[in-house]
Amino acid sequence: MAGLAATFGSGAMTNPISDVAGARCLFVIGSNTTQAHPIVAHEIREAVRRGAALIVANPKRIDLARHASIFLQIKPGTDAALILGMMRVIADEGLKDTDFINRRCEGYEKLAESLAAFSLEEAARITGVPGRQIADAARLYASMKPASILYAMGVTQHTCGTDNVLALSDLALLTGNVGKPSSGVNPLRGQNNVQGACDMGALPNVLPGYRRVDDPEARRIFEAAWECDMPGKPGLTHAEIFDAALAGKIKAMYVIGENPVLSEADANHAKKALESLEFLVVQDLTITETAKLAHLVLPAAANAERDGTFTNTERRIQRIRAAVPPQGQAKPDWRITCMIAEKLGGRGFGYGEAREIFDEAASLIPAYAGVSYERLEAGGIQWPCPAKDHPGTPILHVERFSRPNGKAAFAAVRYRPPAETPDSEYPLVLTTDRSIFHFHTGTMTRKSDGLNLLGREEAVVMNPADAARIPAADGEMVRVSSRRGEVQARVKLSDTCPAGLVSMTFHFAEAPTNVLTNSALDPVAKIPETKVCAVRVERTQPGRAGT
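Residues numbered from 1 in each chain as written. Predicted model: local features only at pLDDT ≥ 70, side-chain atom pairs only at ≥ 80, totals over all residues. Heavy atoms only, no water.

Trainee: So what exactly am I meant to see when it comes to the overall build of the protein chain here?
Mentor: Within the protein chain, the regular secondary structure consists of 19 helices and 21 strands. Out of the 547 residues belonging to the protein chain, those deemed buried represent 53%. For the protein chain, the proportion of contacts with a sequence separation of at least 24, taken over those separated by at least 6, is 69%. Summed over its atoms, the accessible surface of the protein chain is roughly 23,400 Å², and 53% of this surface lies on carbon and sulfur atoms. Placing the 61 positive and 62 negative side-chain charges of the protein chain at their respective mean positions leaves the two points 2 Å apart. (Helix = DSSP H or I, 4+ residues; strand = E, 2+ residues; numbered from the N terminus. Buried < 20%, exposed > 50% of the residue type's maximum accessible area, 1.4 Å probe, protein only. Contact = heavy atoms within 4.5 Å. Areas by Shrake-Rupley, 256 points an atom, 1.4 Å probe, with all protein chains shown as cover. Lys, Arg positive; Asp, Glu negative; His and termini not counted. Charge placed at Lys NZ, Arg CZ, Asp CG, Glu CD.)

Trainee: I tried to follow a negative patch on the surface on my own but got confused; where do I start?
Mentor: Among the surface-exposed residues, Asp-307, Glu-353, Glu-356 and Asp-359 lie close enough to one another that they form a single negatively charged patch. Relative to the helices and strands, Asp-359 resides in helix H16 (residues 354–364). A relative accessible area of 36% places Asp-359 in the partly exposed class. (Patch = residues over 30% accessible without salt bridge, like charges linked within 9 Å, V, L, I, M, F, W, Y side chains within 5 Å. Salt bridge = Lys/Arg side-chain N within 4 Å of Asp/Glu carboxyl O.)

Trainee: Please clarify how the nonpolar core should be interpreted in this entry.
Mentor: Core analysis: the biggest nonpolar cluster contains 55 residues, and Phe-27, Ile-29, Leu-72, Leu-82, Met-86, Tyr-141 and Leu-171 have the highest contact counts within it. Among all residues touching Ile-29, those that are not within four sequence positions of it are Ala-57, Asp-79, Leu-82, Ile-83, Leu-150, Tyr-151, Ala-152, Val-155 and Leu-168. Grouped together as the second largest cluster of nonpolar side chains are 20 residues, Ile-17, Val-40, Ile-44 and Ala-65 included. (Core = buried A, V, L, I, M, F, W, Y, C linked by side-chain atoms within 4.5 Å.)

Trainee: Help me understand the sheet that holds strand S5 (residues 147–151) in this model?
Mentor: Across a sheet, paired strands are connected by hydrogen bonds in the backbone, their directions being either parallel or antiparallel. The parallel open sheet is built from five strands, whose spatial order is S3-S2-S1-S5-S6. Two strands close off the open sheet at either side, each with one partner strand: strand S3 (70–72) and strand S6 (185–187). For this sheet, the mean angle separating the axes of adjacent strands, direction not counted, is 15°. By the bridge criterion, five bridges tie strand S1 (residues 25–29) to strand S2 (residues 53–57) in an arrangement that is parallel. Looking at S2, one finds that Cys-25 is bridged to Ala-53. Contacts from helix H2 (residues 38–49) reach S1, S2 and S5, with the element oriented near 145° to S1. (Pairing = 2+ DSSP bridges. Axes fitted to C-alpha atoms, helices over the stretch in contact; angles between N-to-C directions.)

Trainee: Mind showing me how you'd approach the packing of helix H6 (residues 120–127) against helix H7 (residues 131–143) here?
Mentor: Think of two packed helices as two axes; the pair is described by the angle between the axes and how far apart they sit. H7 packs onto H6 with a crossing angle of 115° between their chain directions and a minimal axis gap of 9 Å. With respect to H7, the element H6 is oriented roughly perpendicular. H7 is crossed by H6, and the crossing has right-handed handedness. The segment H6 lies against H7, with Leu-120, Ala-123, Ala-124 and Thr-127 engaging Gly-131, Ile-134 and Ala-135. Residues of the contact of H6 with H7, tallied by class, amount to five nonpolar, two polar and no charged. (Parallel < 35°, antiparallel > 145°, perpendicular 65-115°, else oblique. Left-handed = near helix turned anticlockwise from the far one by under 90°. Nonpolar A, V, L, I, M, F, W, Y, C, P; charged D, E, K, R; others polar.)

Trainee: Sorry, what's going on with the environment of Asn-186 here?
Mentor: Position of Asn-186 relative to the elements: it lies in strand S6. A relative accessible area of 2% means that Asn-186 is categorised as buried. Polar contacts involving the side chain of Asn-186 include one to the main-chain amide nitrogen of Asn-15, which spans 3.0 Å. (Polar contact = N/O pair within 3.5 Å; in protein donor to acceptor, adjacent residues only side chain to side chain.)

Trainee: Explain helix H12 (residues 238–246) to me, please; I cannot follow it from the model alone.
Mentor: Every α-helix winds through 3.6 residues per turn, so residues three or four apart in the chain are directed the same way. Among all positions of H12, only Ala-239, Phe-242, Ala-244 and Ala-245 are buried. Buried residues along H12 sit in contact with strand S9 (252–256), helix H13 (260–263) and helix H14 (267–276).

Trainee: I tried to follow the environment of Ala-91 on my own but got confused; where do I start?
Mentor: Relative to the elements of secondary structure, Ala-91 occurs in helix H3 (residues 79–92). The spacing of Ala-91 and Thr-175 is 84 residues in sequence and 9.6 Å in space, taken between C-alpha atoms. If we ignore the near neighbours within four places in the chain, the residues touching Ala-91 are Lys-96, Tyr-108 and Leu-115.

Trainee: When you look at the packing of aromatic side chains in this model, what are you seeing that I'm missing?
Mentor: Pairs of aromatic rings are described using the distance from one ring centre to the other and the angle between the two planes. For the structure shown, the criterion picks out five aromatic pairs. Between Phe-358 and Tyr-368, the ring centres sit 6.0 Å apart and the planes meet at 55°, which makes this aromatic pair tilted. Note that Phe-358 is positioned in helix H16 and Tyr-368 in the loop between H16 and helix H17 (373–376), a separation of ten residues in sequence. For Phe-358, a relative accessible area of 6% puts it in the buried group. Looking at Tyr-368, the relative accessible area reads 1%, which means it is buried. (Phe/Tyr/Trp six-rings, centres within 6.5 Å; stacked < 30°, edge-to-face > 60°.)

Here you go:
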């Protein structure tokens, strides 16, 4: 990908979390940070306390909007239009960093041409945000340096998610807000070791260290180390696997630490795919909704029962250590996988401890080459760390970008609308969110009595004007339906959602929100559009609201 999206191939944070508090301007888009990333939210509030400007863009009036200098309440799925509108203002008013562009970028002419075809008025029409506000946000971001962009899955979980990220990359490059303290483009990962899993090659198109599967030289390195032949064709993406299972092209599946029955977009489709398999193996801590469909469940050890490393959202590699032994028959995930591989006749899986696996990874991944368990005893290290005497890299792209010529490339994207829009049958838009009290599908947190007291059940957050049209009272049970399925949950009246938008989490098996969401995919990243789908909300009982 062009620009910053080519960061080591990984889409990692360019700057550390500690940099946030030092920014003069923060642009938070597609992230309900106080709910999903409360530590980062604390840093944002600290920056504001020190005088930083805060721009928040979100379809919902999230908590951070209370602290914002400018709040841009965009229509769902219009992120790219907002960013393009901001860049048009920056270009027109001479606010771009010409020196940075000339020295460190290429392709600006292409970007300028695309911006000339997209007016501020068009951005206002598409996003629903007044042009004056968009222009004020653009001026603030371009003039208050250093400025940092923070985003999450409200940006990526769209059919245009790749374009959204590339547009943010263009915005940062246009203003020279890259490669400097308290600047950059910073995706906030949804789980604690997503970054580390990707680093280790848990993606269909890359090997460990983000070397491409279809690169013969990259394959030769791993074939020599692992003494095997490797396929040169990328595999299926997460969403494509379920389609292939339903089509009978995949007969068996091995699911590790994932609960797709609740987490997958169009979850009924995913459930049917799992039920169609001849053999389903689930490896997890508990009997999840997915494990209930399995032919075989393998008990995995919890984080406190195993040694290893996590690599977090800021690229920081950290040690984890077993505090207690695994319970019952549970074993660390790596050991279970190695035992299976050896039973299948695989060679090279005779590791004695997790440390040996990490040492092998460091020998094959240049960005991990200087990291060892000994060094991690002193604290986490941020990759790339290419040598034993290298301190790690808190800030990426300080001197050059990760393209062959060292320059970043502008992408010049175009706005594309969501795959599904409301109509007379499904007149509302549903977006998904997270609760601070529960984690992902609730596999662990739903087993905590204290957390269940704080977040006991699913709610349909909706504007009072929409509820009055149903009509439905606060706390009343309603049915939410989409073209894919339906669930029941209680109404929670709130002006955090504007009229026309409703919001739900996906933590509760009793009301599995993802049976509603749309599995239409981004054509590049193959991420489903879980943040925008058309729904209908109805009362479950006839009669007067509240009875």
